[in-house]
2 protein chains.
Amino acid sequence: MPRPAEPTAAGRTVVERRARVDTQRQMELFHSRLKQRGLKSTAQRDDIARVFFEIGHHISAEQLYAEVKKINQHVGYATIYRTLRLLKECDLVSERHFDDDQARYEVVGERHHDHFICERCGKIIEFENESLERLQEAVARELNVTLTRHKMELYGLCSECLAQSR
Amino acid sequence: MPRPAEPTAAGRTVVERRARVDTQRQMELFHSRLKQRGLKSTAQRDDIARVFFEIGHHISAEQLYAEVKKINQHVGYATIYRTLRLLKECDLVSERHFDDDQARYEVVGERHHDHFICERCGKIIEFENESLERLQEAVARELNVTLTRHKMELYGLCSECLAQSR
DNA sequence: TTCCCTGCAAAAGTTTTGCACTACT
DNA sequence: AGTAGTGCAAAACTTTTGCAGGGAA
């Protein structure tokens, strides 16, 4: 069981545990939302969606394509992108742009979280911090805007890379 | 003189005033840093840099190209990108990736700030919030990582678009 | 005079689209 | 059967690079 990080006066930061995604449930949601919109379920869409939900977060289209290829030779890049767009429209996937050029995708629907990205090894740590969420809302009120979403990204060196570099 | 937004218990949010960039000073810095590195000052580099510093924040390469074209027909896209890279290497410009696909550039060297982006009109509001900065540092400590940089982006509707939509 | 810099065009990398064919429902 | 979905290849778009000619130091 992973331990939450130490709390501080600033709020508690919780590192998210992996394997939160219930693939089966996500697939059912996908199918029902396709049906709602009069769209079809196909072998390719299912393969792509299942692989995506199983692998989970922060995958690029390129990686997803490679993984799907392993179980289904017949899938083209276009279908990967079209299915990712479909998943976004079904509110099951969101698209992120970290500092590299290609988009990364992650499962939607769990609690909001933010990201730390290690600039050396590329590791991505997801975390939640309640104070941060509240503070973002407070800032939005002060700016007199309404928020639909927000994101925070921290960049630096993770503990392993830090240890390794001295 | 622009007024700071209302303070809250969460900290004071200050909307940044525009026209902070002293073009002349930035140009001098550019020239001296070129000289330091044994590189040349050229008409194209000067034109691109000057236009960039005058227009300021959040410009894309495409926009910059269009603006520079107005005062110098002879500039190619390649030189725009090469000069932007050079300005980054001289620590005068930083590159940002908001949610669209093309990179945007901004002047470096002022205090750290974050961004609100209006999803309807595309307006970008820069702001500073000291509590947010402290909180990000606290999170980094809890995650046991060191931070080199961080960014926060808020997305939503600005007050004007909000008023207009009801 | 030297070699850095530039423009052009072509290449590279990611994402989208047109089209003929396939396959859900 | 009818219509949406797919694969392939080509296009679109942003950014980078090769190369031959031009210009700053």
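As a convention, each chain's residues are numbered from 1 in the sequence order in which they are written. Working convention: letters from A go to chains and numbers from 1 go to ligands, in the order in which they are written. Residue-level local features of this predicted model are given only where pLDDT is at least 70; pairs of side-chain atoms are given and counted only at 80 or more, and the full residue set underlies all totals for whole chains, interfaces and linings. No hydrogens and no water enter the side-chain calculation; it runs on all heavy atoms of the structure.

## Some remarks on the pairing of strand 5 (residues 114–118) of chain A
Residues and elements named next belong to chain A.
Point 1. For every residue, the accessible area obtained with a 1.4 Å probe (protein chains only) is divided by the maximum for its type, and the residue is called buried under 20%, exposed over 50%, and partly exposed between those limits. Starting at the N terminus, helices and strands are each numbered in turn, a helix being any DSSP run of H or I of at least four residues and a strand any DSSP run of E of at least two. Counting buried positions along strand 5 yields five of five residues, so the element is predominantly enclosed.
Point 2. Burial along strand 5 is two-sided: Asp114, Phe116 and Cys118 and His115 and Ile117, pointing in opposite directions, are all buried.
Point 3. Two strands are said to pair when DSSP picks up at least two bridges between them. Where strand 5 folds back on strand 6 (residues 124–129), the antiparallel hairpin that results is connected by five residues, among which Gly122 adopts a positive phi of roughly 80 degrees.
Point 4. One ladder, built from four bridges, connects strand 5 with strand 7 (residues 146–157); its direction is parallel. Directly across from Cys118, in strand 7, lies its bridge partner Gly156.

## As for the relation of the copies chain A and chain B
Point 1. Overlaying chain A with chain B gives an RMSD of 0.2 Å, the required rotation being 179 degrees about an axis along which the chain moves by 0.0 Å. A rotation of that kind, with that shift, is consistent with a two-fold axis. Every residue of chain A has its C-alpha some distance from the rotation axis, and the shortest such distance is that of Met152 of chain A, at 2.1 Å.
Point 2. Counting the interface residues of chain A, we find that 100% of their copies in chain B are interface residues as well, pointing to one common contact surface. In this comparison the copies share one frame, found by least squares on the C-alpha atoms of residues holding pLDDT of at least 70 in both. Note on contacts: a residue pair qualifies if any of its non-hydrogen atoms lie within 4.5 Å across the two residues.

## Examining the sheet that holds strand 1 (residues 13–15) of chain B
Point 1. Judged by pairing direction, the sheet is mixed, and its eight strands sit side by side in the order 1(A)-6(A)-5(A)-7(A)-7(B)-5(B)-6(B)-1(B) without closing on themselves. With one partner strand each, in any of the chains shown, strand 1 (13–15) of chain A together with strand 1 of chain B form the two edges of the open sheet. Shown here is a sheet whose adjacent strand axes are inclined to one another by a mean of 30 degrees, direction ignored.
Point 2. Here an angle of 0 to 180 degrees is reported between the N-to-C directions of two axes, which are lines fitted to C-alpha atoms, with helices fitted over the stretch in contact. Here helix 5 (residues 130–143) of chain A sits on the sheet and contacts strand 5, strand 6 and strand 7 of chain A together with strand 1, strand 5 (114–118), strand 6 (124–129) and strand 7 (146–157) of chain B; the angle it forms with strand 7 of chain A, its principal contact strand, is near 130 degrees.
Point 3. Docked against the sheet, helix 5 (residues 130–143) of chain B engages strand 1, strand 5, strand 6 and strand 7 of chain A together with strand 5, strand 6 and strand 7 of chain B, running at close to 130 degrees with respect to strand 7 of chain B.

## Focus: helix 2 (residues 43–55) of chain A
All names here are of chain A.
Point 1. Its 13 residues give helix 2 an end-to-end C-alpha distance of 18 Å, which sits within 8% of 18 Å, the value for a rise of 1.5 Å per residue.
Point 2. Taken together, the buried positions of helix 2 are Asp46, Asp47, Ile48, Ala49, Val51, Phe52 and Phe53.
Point 3. Contacts from the buried residues of helix 2 go to helix 1 (23–36), strand 2 (59–60), helix 3 (61–71), helix 4 (77–89), strand 3 (93–96) and strand 4 (104–107).
Point 4. Where helix 2 ends, the next residue or the one after it, Gly56, has phi of about 90 degrees, a positive value. Here the expected length of a helix is defined as 1.5 Å per residue gap, with one fewer gap than residues.

## Considerations on the protein's contact with DNA strand D
Point 1. Around DNA strand D, 21 residues are found, and the nearest of them are Thr42, Arg45, His74 and Thr79 of chain A together with Tyr81 of chain B.
Point 2. Each residue is tested against the molecule or strand, and it is near if at least one of its non-hydrogen atoms lies within 4 Å. In the interface set of DNA strand D, defined as its atoms within 4 Å of the protein, sugar plus phosphate atoms amount to 72%.
Point 3. Definition of a polar contact: a pair of N or O atoms within 3.5 Å, with one able to donate and the other able to accept a hydrogen when the atoms are protein atoms, and with sequence-neighbouring residues admitted only if both atoms are side-chain atoms. Side-chain polar atom of Gln44 of chain A to a sugar or linking oxygen of DNA strand D: 2.8 Å apart, as the coordinates give it.
Point 4. Separating a phosphate oxygen of DNA strand D from a side-chain N or O atom of Tyr81 of chain B is a distance of 2.4 Å.
Point 5. Of all the elements in the fold, those that place two or more residues in the surface near DNA strand D are helix 2 and helix 4 of chain A together with helix 3 (61–71) and helix 4 (77–89) of chain B.
Point 6. If you tally residues by element for the surface near DNA strand D, the top one is helix 4 of chain B, at four residues.
Point 7. Under the convention adopted here, Pro, Cys and the residues Ala, Val, Leu, Ile, Met, Phe, Trp and Tyr are nonpolar, Asp, Glu, Lys and Arg are charged, and Gly plus all remaining residues are polar. Taken together, the residues that form the surface near DNA strand D break down as seven nonpolar, seven polar and seven charged.

## Thoughts on the protein's contact with DNA strand C
Point 1. Taken together, 21 residues are adjacent to DNA strand C, and Tyr81 of chain A together with Thr42, Arg45, His74 and Thr79 of chain B come closest.
Point 2. The contact atoms of DNA strand C, taken as those within 4 Å of the protein, divide so that sugar and phosphate hold 76%.
Point 3. Contact distances for DNA strand C include 3.1 Å between a phosphate oxygen and a backbone N or O atom of Lys40 of chain B.
Point 4. Measuring from a sugar or linking oxygen of DNA strand C, one finds a side-chain N or O atom of Gln44 of chain B at 2.8 Å.
Point 5. Among the secondary structure elements, those contributing two or more residues to the surface near DNA strand C are helix 3 and helix 4 of chain A together with helix 2 (43–55) and helix 4 of chain B.
Point 6. The dominant element in the surface near DNA strand C, judged by the number of residues it contributes, is helix 4 of chain A, at four residues.
Point 7. Each residue belonging to the surface near DNA strand C can be placed in one class, and the counts come to seven nonpolar, seven polar and seven charged.

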